Amino acid sequence: MAENRASGHSAPAYPEGTPCWVDAQLPDVEAGRRFYGELFGWTFEDQPQGTVRALKDGEPVASLVRKTDGRLPTVWTVSFATPDAAALCRRILTGGGQVVVPPGPFGDLGVTALVTDPDGAVFSLWQGTGAPGFGRRHEPGTFAWVQLYTRDTATANTFYGGLFHDALFGPDAAPDFGRAPVSDVFAAEMPPHFLVHFAVDDPAAAMAEAVRLGGRVQVPPFETSYGTAAVVTDNQGASFALLRR
């Protein structure tokens, strides 16, 4: 399902609390281009601050970012849309979360911030000006869902329900964001985290292709309330899921 072919010339495409972007923090962006280019058919263009933007059929779908500090994790991070990143950061602090990197400009495209929820799961905020977010989603090779694996789903529901009530529970809500106990899929000692899901036609086949490209399997295909998913890592260790809905 192609949708939200967003244009910077219209009203914001993504209401506050909607997952609107994903980026991978990688030690080797060139290796990431090869891996994801083959796996998802992405092409790439250079962006501000040393990042590379991934395109699917010419529309923006993700970014690859070179890690500037080897101690940082190699991860996929989800960004939630907001019209006011500074105000949302204040609400996150009030709700028991933390601000890791305060709001700052990303070129002339928008304002970004890095934050955590009360359980320590890391996510980003995106206040888009020149770039609202995904140009394509919900189709093969693009963002499909994000699942928060947490130790306390009740606290998570209260926190995110307060932050993003309309996006999650409003009359027009069609959220791409779920919450589940870590132990549902991962070992109990796994830290709370967001797992970005990309749409594929066949999770098992896509999993095999990821392995051929140098990735590895974390969790083979399993059934969820939102589709059939498999969890893999790329050739540098960043985890993500493959999802058929």
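To start, this report covers the structure provided alongside it. (Residues numbered from 1 in each chain as written. Predicted model: local features only at pLDDT ≥ 70, side-chain atom pairs only at ≥ 80, totals over all residues. Heavy atoms only, no water.)

1. Some thoughts on helix α3 (residues 153-163)
Regarding α3, the residues found buried are Ala-156, Phe-159, Tyr-160, Gly-161 and Leu-163. The N-terminus of α3 is capped by Asp-152, whose side-chain oxygen sits 3.2 Å from the backbone nitrogen of Ala-154. (Buried < 20%, exposed > 50% of the residue type's maximum accessible area, 1.4 Å probe, protein only. Helix = DSSP H or I, 4+ residues; strand = E, 2+ residues; numbered from the N terminus. Polar contact = N/O pair within 3.5 Å; in protein donor to acceptor, adjacent residues only side chain to side chain.)

2. A short note on the nonpolar core
Core analysis: the biggest nonpolar cluster contains 59 residues, and Tyr-36, Trp-42, Trp-76, Phe-123, Tyr-160, Phe-194 and Phe-240 have the highest contact counts within it. When sequence neighbours within four positions are dropped, the list of residues in contact with Trp-42 reads Tyr-36, Gly-37, Ala-54, Leu-55, Lys-56, Val-61, Ala-62, Trp-76, Gly-141 and Phe-198. (Core = buried A, V, L, I, M, F, W, Y, C linked by side-chain atoms within 4.5 Å. Contact = heavy atoms within 4.5 Å.)

3. Section: the sheet that holds strand β1 (residues 19-26)
Read from one edge of the open sheet, eight strands run β2-β3-β4-β1-β5-β8-β7-β6, paired in mixed fashion. Whereas interior strands pair on both sides, the edge strands pair on one side only; in this sheet they are β2 (43-46) and β6 (98-106). The average angle at which neighbouring strand axes cross in this sheet is 30 degrees, direction not considered. As judged from the four bridges shared by β1 and strand β4 (residues 59-66), these two strands associate in the parallel manner. Bridged to Ala-24 within β4 is Leu-64. The strands touched by helix α1 (residues 29-40) are β1, β2, β3 (51-56), β4 and β5 (75-81); relative to β4, the strand with the most contacts, the crossing angle is about 150 degrees. (Pairing = 2+ DSSP bridges. Axes fitted to C-alpha atoms, helices over the stretch in contact; angles between N-to-C directions.)

4. Topic: the side chain of Thr-228
Here Thr-228 is to be found in strand β13 (residues 227-233). One polar contact links Thr-228 to Glu-223, side chain to side chain, over a distance of 2.9 Å. Excluding its chain neighbours within four sequence positions, the residues that come into contact with Thr-228 are Pro-203, Pro-221, Phe-222, Glu-223, Leu-242, Leu-243 and Arg-244.

5. A word on the pattern of salt bridges
Tallied over the full model, the rule gives nine salt bridges. In this structure, Arg-33 and Asp-46 form a salt bridge, with 4.0 Å as the shortest nitrogen-oxygen distance. Of the two residues, Arg-33 is situated in helix α1 and Asp-46 in strand β2; the sequence distance between them amounts to 13 residues. Looking at Asp-46, the relative accessible area reads 64%, which means it is exposed. Arg-212 is paired through a salt bridge with Glu-209; the nearest N and O atoms lie 2.7 Å apart. With Arg-212 and Glu-209 both in helix α5 (residues 203-212), this residue pair falls three residues apart, about one helical turn. (Salt bridge = Lys/Arg side-chain N within 4 Å of Asp/Glu carboxyl O.)

6. A short note on the environment of Thr-158
Turning to its location among the elements, Thr-158 is positioned in helix α3. For the pair Thr-158 and Pro-191, spaced 33 residues apart in sequence, the C-alpha separation works out to 19 Å.

7. Some details on the side chain of Arg-137
If you trace the backbone, Arg-137 turns up in the loop between β8 (122-128) and β9 (143-150). Separated by 3.4 Å, the side chains of Arg-137 and Asp-176 make a polar contact.

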